[in-house]
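Observations on the model geometry
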Amino acid sequence: MKPMLAIFGGALAIYVVIVLLIAVGPAIDLSRTPAGPDVQPLTQLQAEGREVFAGNGCGYCHTQQVRPIPEDQVFGRPSAPGDFTYQTPELLGSERTGPDLTNVGNTKPSDVWQYIHLYDPRAVVPESIMPNFKFLFRVVDKAPPGETAVPVPAQFAPARGVVIPTQQAKALVAYLLSLKQTPIPGYSMNGGMGGMTSAAPSPSAPASSAPAAAGAYSYDAGKGEALFTANCSACHQTTGEGIPGAFPPLKGNAAVDNDDPTLHIHTVLHGAHGVTIGGVKYTSVMPPFAGQLSDADIADIVNYERSSWGNHSKHVTTADVAAVRAKGK
Amino acid sequence: MAVTAQDLSRTGSGPVRSERDDHELASIFTAYTVSATFWLLFATAIGLLLAFKFGAPDFWAAKYLTFGRLRPIHTNDTFYGFASLALVGAAYYVAARSCGTRLYSTKLAWIGLWLFNLAAIAGTIALDLGYNWGDLEYREWPWPIRVVFLAALLVTAWNLIATVARRSSEDIYLSNWYIVAGVLWTIVIATVGVLPWYQYGLGQVAISGYYMHNAVGMWFTPLALGLFYYAIPKVLNRPIYSYALGVLAFWTNLLFYPLLGGHHFLFSPLPWWLQTTAIVFSVAMLVPVWAGSANFLLTMRGRYHGRIESYPLAFLFVAVICYLVGSTQGTVEAFRSLQAIWHFTSFTVGHSHLTMYGFVAFAAWGAVYALLPLATGKNPGRLGMAVHFWLALVGVSIYVIALSIGGTVQGLDWVHKVPFIQSVVDMEPYYLWRGVGGILMFLSHIAFAWNVWRMTAGTPGDAASPIMDPSVGKEVIEREVVA
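Think of each chain on its own: its residues are numbered from 1, step by step along the sequence as written. Each chain takes a letter, starting from A, and each ligand takes a number, starting from 1, following the order in which they are written. Reporting in this predicted model follows two pLDDT cut-offs: at least 70 for local features of residues, and 80 or more for side-chain atom pairs to be given and counted; totals over whole chains, interfaces and linings ignore these cut-offs and use all residues. Excluded from the side-chain calculation are hydrogens and water; included are all heavy atoms of the structure.

As for the interface of chain B and chain A
We count it as follows: Every residue pair with non-hydrogen atoms within 4.5 Å of one another is taken to be in contact. Values labelled buried area give the accessible surface lost by two parts on being combined, using a 1.4 Å probe and summing over both. Every case where a carboxyl oxygen of Asp or Glu lies within 4 Å of a side-chain nitrogen of Lys or Arg is listed as a salt bridge. Polar contact is defined as a pair of N or O atoms within 3.5 Å, subject to the rule that within protein one atom must be able to donate a hydrogen and the other to accept it, and that residues adjacent in sequence are counted only when both atoms are side-chain atoms. Runs of H or I in DSSP of at least four residues are treated as helices and runs of E of at least two as strands, each being numbered from the N terminus. We call Asp, Glu, Lys and Arg charged. Ala, Val, Leu, Ile, Met, Phe, Trp, Tyr, Cys and Pro are nonpolar, and the rest, Gly among them, are polar.
Taken together, the contacts link 83 residues of chain B with 73 residues of chain A. Here chain B meets chain A over a buried area of about 6,600 Å², counting both sides, of which 71% is carbon and sulfur. At the boundary of chain B and chain A, one finds 2 salt bridges. As a salt-bridge pair, E95(A) and R71(B) come within 3.0 Å of each other at their nearest N and O atoms. There are 19 residue pairs in polar contact (both at pLDDT 80 or more) connecting chain B and chain A. No other element matches helix α7 (residues 202-236) of chain B, which puts 10 residues into the side of chain B that touches chain A. Of the residues assigned to the side of chain B that touches chain A, the class counts are 54 nonpolar, 19 polar and 10 charged.

Some words on the packing of aromatic side chains
Applicable threshold: Two rings from Phe, Tyr or Trp (for Trp, the six-membered ring) form a pair when their centres sit within 6.5 Å of each other. Planes less than 30 degrees apart are called stacked, planes more than 60 degrees apart edge-to-face, and all others tilted. The cut-offs for exposure are 20% and 50% of the maximum accessible area for each residue type, with area from a 1.4 Å probe on protein chains only; residues under the lower value are buried, those over the upper are exposed, and the others partly exposed. Here, a charge over a ring means that NZ of Lys or CZ of Arg falls within 6 Å of the ring centre while also lying within 35 degrees of the ring normal.
For the coordinates displayed, the defined rule picks out 55 aromatic pairs over all chains. Note on F82(B) and W365(B): the rings are 6.1 Å apart at their centroids and 40° apart in plane angle, and the pair reads as tilted. Of this pair, F82(B) sits in helix α3 (residues 67-98) while W365(B) sits in helix α13 (residues 347-376), placing them 283 residues apart in sequence. Assessed through its relative accessible area of 5%, F82(B) is described here as buried. Chaining the aromatic ring pairs together yields one cluster made of Y15(A), W177(B), Y178(B), W185(B), F228(B), Y229(B), F250(B), W251(B), F296(B), Y323(B) and F359(B). In this structure, R146(B) packs its charged tip against the face of W133(B), placed 4.7 Å from the ring centre. Just above the ring of W272(B) sits the side chain of R336(B); from NZ or CZ to the centre is 3.8 Å.

Considerations on the pattern of salt bridges
Residue and element names in this part refer to chain A. Scanning the model with the defined rule gives 17 salt bridges over all chains in all. A salt bridge links D295 to R325; the nearest nitrogen and oxygen atoms lie 2.6 Å apart. Of this pair, D295 sits in helix α10 (residues 295-306) while R325 sits in helix α11 (residues 318-327), placing them 30 residues apart in sequence. By the burial criterion, D295 is buried, and R325 matches it. Here the residues in one salt-bridge network are R67, E71, D72, R96 and D100, joined through shared partners.

Some thoughts on the confidence of the model for chain B
All names here are of chain B. Let me state the cut-off plainly: As a per-residue measure, pLDDT tells how confident the predictor is, with possible values from 0 to 100.
Of the residues in chain B, 93% have a pLDDT of 70 or more, and the chain-wide mean is 91. Contacts of residues 1-15 to residues separated by more than four positions or lying in other chains number 32 contacts, the stretch itself having pLDDT below 50. Confidence drops under pLDDT 50 across residues 475-483; counting only partners more than four residues distant or on other chains, this segment forms 4 contacts. Quick note on the complex model: pTM equals 0.92, ipTM equals 0.92.

Focus: the nonpolar core
As a reminder, the rule being used: We call a set of buried Ala, Val, Leu, Ile, Met, Phe, Trp, Tyr and Cys residues a nonpolar core when their side-chain atoms join them within 4.5 Å.
Within the largest apolar cluster, 172 residues are counted, with the highest numbers of intra-cluster contacts made by Y15(A), F82(B), Y210(B), F228(B), F362(B) and W365(B). Broken down by element, the residue count for this core peaks at 23 residues, all from α7(B). Listed in part, the 36 residues of the second largest apolar core include F53(A), V112(A), L118(A) and F137(A).

Some remarks on the domain arrangement of chain A
Residue and element names in this part refer to chain A. The following threshold applies: Boundaries of every domain are those given by an automatic assignment or by a domain database.
Each assigned domain of chain A is listed with its residue range as follows: domain 1 (34-181) and domain 2 (218-327). When each unit is reduced to the centre of its C-alpha atoms, the spacing between domain 1 and domain 2 is 24 Å. Listed by partner, the interface residues are 13 residues for domain 1 and 12 residues for domain 2. One can count 0 salt bridges joining domain 1 with domain 2. Per element, the largest residue contribution to the side of domain 1 that touches domain 2 is 3 residues, and it comes from helix α4 (residues 111-119). Looking at side-chain class alone, the side of domain 1 that touches domain 2 contains 9 nonpolar, 3 polar and 1 charged residues.

Points about the confidence of the model for chain A
Residues with a pLDDT of 70 or more make up 90% of chain A, whose mean pLDDT is 89. Averaged over each element, pLDDT in chain A is lowest for helix α6 (residues 210-214) of chain A (43) and highest for helix α5 (residues 167-178) of chain A (98).

Spelled out as structure tokens, the structure:
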């Protein structure tokens, strides 16, 4: 009996001690992490959506943690301990087959986009390999009162009838839209692709970096295109034609193909909602980019749009962007 | 070097054994192996479907076949269905034989088998219905199901300890150290994973980091190593190179391994000291890994040309090499500079297949081919084993190489801050090659099933006894000793 006690008992005892020190102890402590500023508990609908998210394994392709390294700046500011207080079970994830979703409620705030994307990701992102979640939708002849049909592009829509989200889809989208990082003083809210080289001004101090950069600016077409792909094409499409009824075309758009860039810049900086463009009233939300992109990045994107898809209008400079930014909303 | 011929000669003979005991031990070993084979086929068929979905995301996208529900079914069933059952079945055989006694309780072994299967079946159904406990890797099953798994472990520990307690000599052979301790550690892991009180928010992240790595390194690794210490000397008909080195590896593995789980969450908001500890001990792990691998390889010295003559040895050899390479790769991956590139990419998936498949699955197969014929008295066919070996080896090589290159490309895309979708597009050819590797791997499992059939219920094949002629390679050793 003696060697058994020494070997098995010893191995077990040592292991238990190590586990208490390295896992259970820290976990007890970390479980008490207070919520960060403005971090809110989920509403019941959002919590339901979180279960839909976990139950359908979205977490195997999507992380929800932003690391404090340059390549992660596109996803927002680095995650802070206080961000996770209301996130149980945790969904930090371990693989990024798709992008990080920590801040997707800010970058894709449009429920319409989320619905179309879930119904068929390739309807908005042609190269996507995300599975479709058509089983979260119903196809009916006519939208019942109180329900809005999802404006799925014709090519991806069912042959007959209209697409209506189920309760599960609504909960899931409510959850996705709740994924918004809250600003933390001292943490910079970098985003876009230019976040690394030029610290983007924080939303609270809009005009700070503008004048210095103004003189040095020259339009970088490659960067403009890349920034457009990373931030805008999911809604406005690489063709610049948008999605009928959901996202307006930028090709031939009156605000874009116009030598006065004020409205164009203003929309990118501050987003838009409920605007009528080319006779169509758009109800979905265009996100603001003032907090995520620097003036130079915005100038590159705007210039890319002004010179693509047959648009020919005057290029802007960083100073133009800074001027619109300075005026505020 | 402590020569352990006497340890080895003790195996396979003992005072309290009857023919009936032998028969019962064989039927337990058989039942676990057959059950494991079923889970292997099922879980890897799912794996193949998942690989296919990367190229055809709209294929079978219905609710019960959606990617995110099948993926945890694949991982949990390979872990808890296939690998656990295959290793435990062989471990029962090793424990009884190396202690020169009979199994403490056949009945408990059967109860354990039913509990393991009940957990895996219930877990599979729950995940497919969408009851996933938060995408927390390897503990996605709802907690009552994980308690059933825990019960299976308790039954197994009891049975193994009681078997070792009635051994015929004072010493405990090294295999049993690893096997029994592995089960005991895993009882701790499963308990820590289930209890809720410290698992809120970030607290749960700390437990996830601990859990996912310990489930691998304190369960599958010790069981597989325990089988190595018995099966390799057995097949070679020669004692293990150094008993002392094995003891060193045992204690260092225990001291270092549990501390490295946090390396899954480098750069996360977990406390920095926890992450740094994980990195330091990931490096320290080189001690047990190299000590263990050297021990196995030195035991095989002089017999390298015998590997292909003996497929059981060939499987064990690949398993040892993958243990060495996979674990060393794990250490390298843990450095912050490299993590910054590889973390979150498919590189990690390649790494887990190098270790879980190249090491653990090959070890389980090697042990089954080495020991099951000794239990049942039936050998598989040589061709069957050759087909299994080569398809699995070529398949997993393609798989791991494709994802290692692809994962690096993906990581560099992110470092260079190209739009995210570019990294998705760039992965396409690597996903395809992964699928090609996966097809070969799956085909090899069909060959394995066929071989298991012949070693148990079917007509035996033409392979020689797994125990090799001790004279082969003898001159080489003698030359070495002289030189």
